[in-house]
Each structure stands twice: as C-alpha cells, then as structure tokens.
Amino acid sequence: MEDNKKHAILSASGSHKWLVCTPSARLEEQFPDKTSDYMEEGTLAHAIAEFKVRSYFIEPTSKQAYTRRINKFKKEKYFNAEMLKYTDTYLEYIKGLVLENHEKPFIAVEQKVDYSKYVTEGFGTTDCILIRDNTLVVIDFKYGKGVSVSAEENPQMKLYALGALEQFEFLYEIKQIKLVIIQPRIDNFSEYVLSKEELINWAEKTVKPQAEKAFIGVGDFKQGEHCRFCKAKGACEFRATENMKIIEEYKIRTVLDNQQVGEVLTKTEGVEQWLKDIKAYALEEILKGNIVPGWKAVEGRSNRKLVDVEKAFEILKANGFDEALLYERKPLGLTDLEKAVGKKELVQAIGDYIEKPKGAPTLVKASDKRENYTKISAKEEFEK
Ligand code: SF4
C-alpha cells in the first residue's frame, strides 16, 4: 500500500499512468488528493492485515494483547466484521507461501522501498516481502472489489520489486521475482514470476526513459483505461480534444451498417466515462464558487427518512397502532443467508432450492472471456 501522507511524484501505484502518459504526473499535481469511504475502509483493512501478519511472523503477540488490538480496530469508524475474515484470508495465503519451501524466509511488512535508481525520487511501501530460495516475493493486499487486479506485468509490483532488490540484494542472492496480489473480497489470488534479468531489463529499457520524461512533465499524452485514476481526468485538455474528435468523426452518419456500429462502439468506448468525469469536474468547480458557463448546481432528489426509527415506532405503538401493522416479516436474501448460515452449510442444507436464473443479454467486447449468450433457458442449459 502506498503511504497516504507522503508519496513520490512518480509513485508506484500511479505508474500505470505515468509510464504510458508521461505528462500526467506533473499535471496531476494541480489537483488535490481526494479520499472516499472506500479508501478509508481500505486503509483500515490494510492496518488490520499488517497487524495480523506482523504478530504471526515477526512480533509474536500474547492472546490478550492481540484481542485488545483487534477490539481497538473494531471501534474504528470504518470497521466492519468482514474485514476480520478477509484479513485472515490474506494471512493464510502468506502462510501458504511461506510453507511452499523448507527454508525459513526473511519476512518484512510495510517495508519502505526505494527505486530511485531508475525513477527520480521513486519510493513506496510494500505490504509484505518474503525472501527465500533465491526468490524475492512481493505481496500486495488489495481490499477493493470493483476491478480484479492481475499480478502479471503489474508495473506497481515490479517497481516495488526493483526497490526491494536494491535493498536486499547484498544480503541475499536473488535470481527470480514472484509478484503476488491477494484480493480476497473477489477471490482473486494472482501470481506472476519473472527473472531478475527480465525485471532489470524492463527497468532500464522502459521505466528509466519514461520516468525521465514524466519527472519533468514532457512526452506524449495518451488516453486510455488509466485515465479513470488520473486526478486530471475531468479537466485534461488532451482527453477532451481526443474525445471530441471521435464524436465529430461520426456526427455526419445517417444510418450505420453493423460494421460501422462495431467501429463506433469500439472508438467511443472511453467517451461515456470521459463525459461522466467532465461532469463531476464541472460540479466540483461550481461548488467551489467558480463559473462553468451554461451549467449550475441544484439540489438532487432525496427521500424522506425517519431520523430516530426506534423512538418514532415507540410513539406509534403508544398511540395504539398494532405491531403487526408496523413491521413486516421478510425472509433474508441469499447473500444475507450465506452470511448468517455459512456458504457451504447453506448449499448443503438447501442447495436444491437455489437456482441462478439466466441473465439478460448484455453487450460486451468480443474479447470478453464469458461465453456467448444463447437464447435457451437456464433450465435447458442445466439439463444440457
Ligand atoms: S486524463 Fe488521461 S490523457 Fe489526461 S493526463 Fe490523465 S492519464 Fe493523461
């Protein structure tokens, strides 16, 4: 996890942007850091994960001290019970990695690493490092569940590995690198192995030249998936110009043939997201008191709610309204049932009564790994 308070201009977590769009890092400096409930949740989950790994492998903690610390976590604003389960999964996975070999590994958690040999002022913090049997294992805990993150050729992980290599190579003979991403909320456990030579080659041939440009904010802009995570995404002139060009290109068409429909969909893939980003940026500007000609902020829709449910219901009951009138008894949904009963136990008990209906057809790119939609029903498919 990156250090929230102090991070490098060319951070490892931002490398998927500045390695591709080199001016982005300097452009982003004009925009403030933002936080969100998801980010706060992630920070707390990381702290719990770090504590568990540290107390298991590095600083054994008495049962009482362990419980005290966990109870302290439980009082945090962003705590929820699932965090304990998912951080256990993280710890168990690391235990598995440790047991892969007989040799006891060197283990470090929240290890600061410095990759400034290849990237000016480049440093970061890895969640966990293991070194054994000539292998450096770099582990990253991802608490998000929106996008599945792969360890394969992952630049953030590779930059951490470069920093760790610099730091530990004189103590241990390292021949290969294993990158591991543990994303327990979506059962994503991704591993990728590369040789030390491959890593150094990438650092010399790709990272160094791109980082040189990125540090001084020069080079070519490039828009793509990475723009979603760029602080300049709503105000980036290059992105706006590129998307406007795409829209202009198609505005003279009357009736498109399917060849053109495919083309338009492919080319305009990023336009919808860009429009959302530019709208969000305009709203921010207006709320700051700035003028965006032709646009203003208004109050959105909101729903009425009871401010103190218990009190309100007490009053209703005191006024003679029957409980049966005020409460409804509803069976839990499957997700809540799984939480209450347990995934396996639920399938054992009522598996025959669980069915997954056929989903509605959804348009995705031809490269999507899911099977093509067919018109036969879920029942027929099951029987087939
Ligand atoms: S929005 Fe995209 S194109 Fe613009 S600076 Fe950021 S990464 Fe580069």
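About the thresholds
- Residues numbered from 1 in each chain as written.
- Predicted model: local features only at pLDDT ≥ 70, side-chain atom pairs only at ≥ 80, totals over all residues.
- Heavy atoms only, no water.
- Core = buried A, V, L, I, M, F, W, Y, C linked by side-chain atoms within 4.5 Å.
- Buried < 20%, exposed > 50% of the residue type's maximum accessible area, 1.4 Å probe, protein only.
- Helix = DSSP H or I, 4+ residues; strand = E, 2+ residues; numbered from the N terminus.
- Contact = heavy atoms within 4.5 Å.
- Salt bridge = Lys/Arg side-chain N within 4 Å of Asp/Glu carboxyl O.
- Axes fitted to C-alpha atoms, helices over the stretch in contact; angles between N-to-C directions.
- Parallel < 35°, antiparallel > 145°, perpendicular 65-115°, else oblique.
- Nonpolar A, V, L, I, M, F, W, Y, C, P; charged D, E, K, R; others polar.
- Left-handed = near helix turned anticlockwise from the far one by under 90°.
- Phe/Tyr/Trp six-rings, centres within 6.5 Å; stacked < 30°, edge-to-face > 60°.
- Lys NZ or Arg CZ within 6 Å of the ring centre and 35° of its normal.
- Polar contact = N/O pair within 3.5 Å; in protein donor to acceptor, adjacent residues only side chain to side chain.
- Patch = residues over 30% accessible without salt bridge, like charges linked within 9 Å, V, L, I, M, F, W, Y side chains within 5 Å.
- Areas by Shrake-Rupley, 256 points an atom, 1.4 Å probe, with all protein chains shown as cover.
- Near = heavy atom within 4 Å.
- Domains from an automatic or database assignment.

K.L.:
Got a sec to walk through the nonpolar core? Specific residues and values, please.
P.N.:
Ranked by size, the top nonpolar core spans 35 residues in total, and within it Trp18, Val119, Leu136, Leu159, Ile177 and Leu179 carry the most contacts. Of all elements in the fold, only strand E2 (123–132), strand E3 (135–141), helix H6 (155–168), strand E4 (176–183), strand E5 (188–195) and helix H7 (196–216) reach the threshold of two or more residues within this core. Considering every element that reaches this core, the biggest residue donor is H6, with eight residues. Setting aside anything within four residues of it in sequence, one finds Val119 in contact with Leu10, Trp18, Leu159, Val207 and Ala211. Tyr90, Val109, Cys128 and Ile182 belong to the second-largest nonpolar core, a separate cluster that totals 27 residues.

K.L.:
So what's going on with the pattern of salt bridges? Which residues, and what values?
P.N.:
The tally for this structure, following the rule as stated, stands at 27 salt bridges. Between Glu41 and Arg185 there is a salt bridge whose closest N-O contact spans 4.0 Å. Separated by 144 residues along the polypeptide, Glu41 in helix H3 (residues 37–58) and Arg185 in the loop between E4 and E5 bring together distant segments of the chain. Accessibility assignment for this pair places Glu41 and Arg185 in one class, buried. What emerges from the salt-bridge pattern is a single network uniting Glu100, Arg132, Lys178 and Glu191.

K.L.:
How would you explain the packing of H6 against H7 if you had to name every residue and give the values?
P.N.:
With their axes 11 Å apart at the nearest point, H6 and H7 run at an angle of 110° to one another. With respect to each other, H6 and H7 are oriented roughly perpendicular. In this structure, H6 contributes Pro155, Lys158, Leu159, Ala161, Leu162 and Leu165 to the contact, and H7 contributes Lys196, Leu199, Ile200, Trp202, Ala203 and Val207. Along the lines of polarity and charge, the residues of the contact of H6 with H7 split into 10 nonpolar, no polar and two charged.

K.L.:
How would you summarise the packing of helix H8 (residues 237–250) against helix H9 (residues 258–267) if you had to cite specific residues and measurements?
P.N.:
Between H8 and H9, the shortest axis-to-axis distance is 10 Å and the interhelical angle comes to 165°. One way to sum up the angle between H8 and H9 is to call them roughly antiparallel. When you trace H8 past H9, the crossing you get is left-handed. Between H8 and H9, the contacting residues are Ile246, Glu249 and Tyr250 on the first element and Glu263, Val264 and Lys267 on the second.

K.L.:
Can you lay out the packing of aromatic side chains for me, pointing to particular residues and giving the numbers?
P.N.:
Here the structure, examined in full by the defined rule, presents 12 aromatic pairs. Summarising the aromatic geometry, the rings of Phe31 and Tyr281 are spaced 6.3 Å apart at their centres and angled 70° between planes, so their arrangement reads as edge-to-face. One end of the pair, Phe31, is in the loop between helix H2 (24–28) and H3; the other, Tyr281, is in helix H10 (residues 271–287), with 250 residues separating them in the sequence. Relative accessible area serves as the criterion here: at 17%, Phe31 is assigned to the buried category. Relative accessible area serves as the criterion here: at 26%, Tyr281 is assigned to the partly exposed category. For the pair Phe106 and Phe168, a centre-to-centre distance of 5.0 Å together with 50° between the ring planes defines the contact as tilted. In this pair, Phe106 is assigned in strand E1 (residues 106–114) and Phe168 in helix H6, connecting sequence segments 62 residues apart. Relative accessible area serves as the criterion here: at 6%, Phe168 is assigned to the buried category. The residue whose ring lies beneath Lys158 is Trp202, and the NZ or CZ to ring-centre distance is 4.3 Å. We note Lys358 situated over the ring of Tyr373; from NZ or CZ to the ring centre the distance is 4.8 Å.

K.L.:
Could you give me a rundown of the side chain of Asn243, with the residues and numbers involved?
P.N.:
Mapped onto the secondary structure, Asn243 falls in helix H8. For Asn243, a relative accessible area of 1% translates into the label buried. A polar contact is formed between the side chain of Asn243 and the backbone oxygen of Arg239, at a distance of 2.9 Å.

K.L.:
Kindly report on a nonpolar patch on the surface, identifying the contributing residues and their values.
P.N.:
On the surface, Leu334, Val347, Ile350, Tyr353 and Ile354 cluster together into a nonpolar patch covering about 490 Å² of accessible area. Within the secondary structure, Ile350 sits in helix H14 (residues 343–350).

K.L.:
Can you break down the site of the ligand residue by residue, with the values?
P.N.:
Neighbouring residues of the ligand: 13 residues in total, closest Cys21, His226, Cys227, Cys230 and Cys236. Of all the secondary structure elements, the ones that give two or more residues to the shell around the ligand are H2 and H8. For the shell around the ligand, the per-class residue count stands at seven nonpolar, three polar and three charged. Residue contributions to the shell around the ligand reach at least three from each of two domains, namely domain 1 (15–216) and domain 2 (233–287).

K.L.:
Would you mind going over unusual backbone geometry in detail, with residue names and values included?
P.N.:
The backbone of Glu121 shows a phi angle near 55°, a positive value even though the residue is not glycine. Secondary-structure assignment places Glu121 in the loop between E1 and E2. The partly exposed category is assigned to Glu121, whose relative accessible area is 48%. Positive phi, normally seen in glycine, also occurs at Asp187, with a value near 55°. One can find Asp187 in the loop between E4 and E5. Asp187 sits in the exposed class, given a relative accessible area of 56%.

K.L.:
Lay out the environment of Tyr373 in plain terms, naming residues and giving numbers.
P.N.:
Looking at the element boundaries, Tyr373 is found in the loop between H14 and helix H15 (378–383). The exposure class assigned to Tyr373 is partly exposed, which follows from its relative accessible area of 44%. Spatially, the C-alpha atom of Tyr373 lies 9.6 Å from that of Leu363, the residues being 10 residues apart in sequence. In this structure Tyr373 touches Lys358, Gly359, Ala360 and Pro361, once residues within four positions along its chain are discounted.

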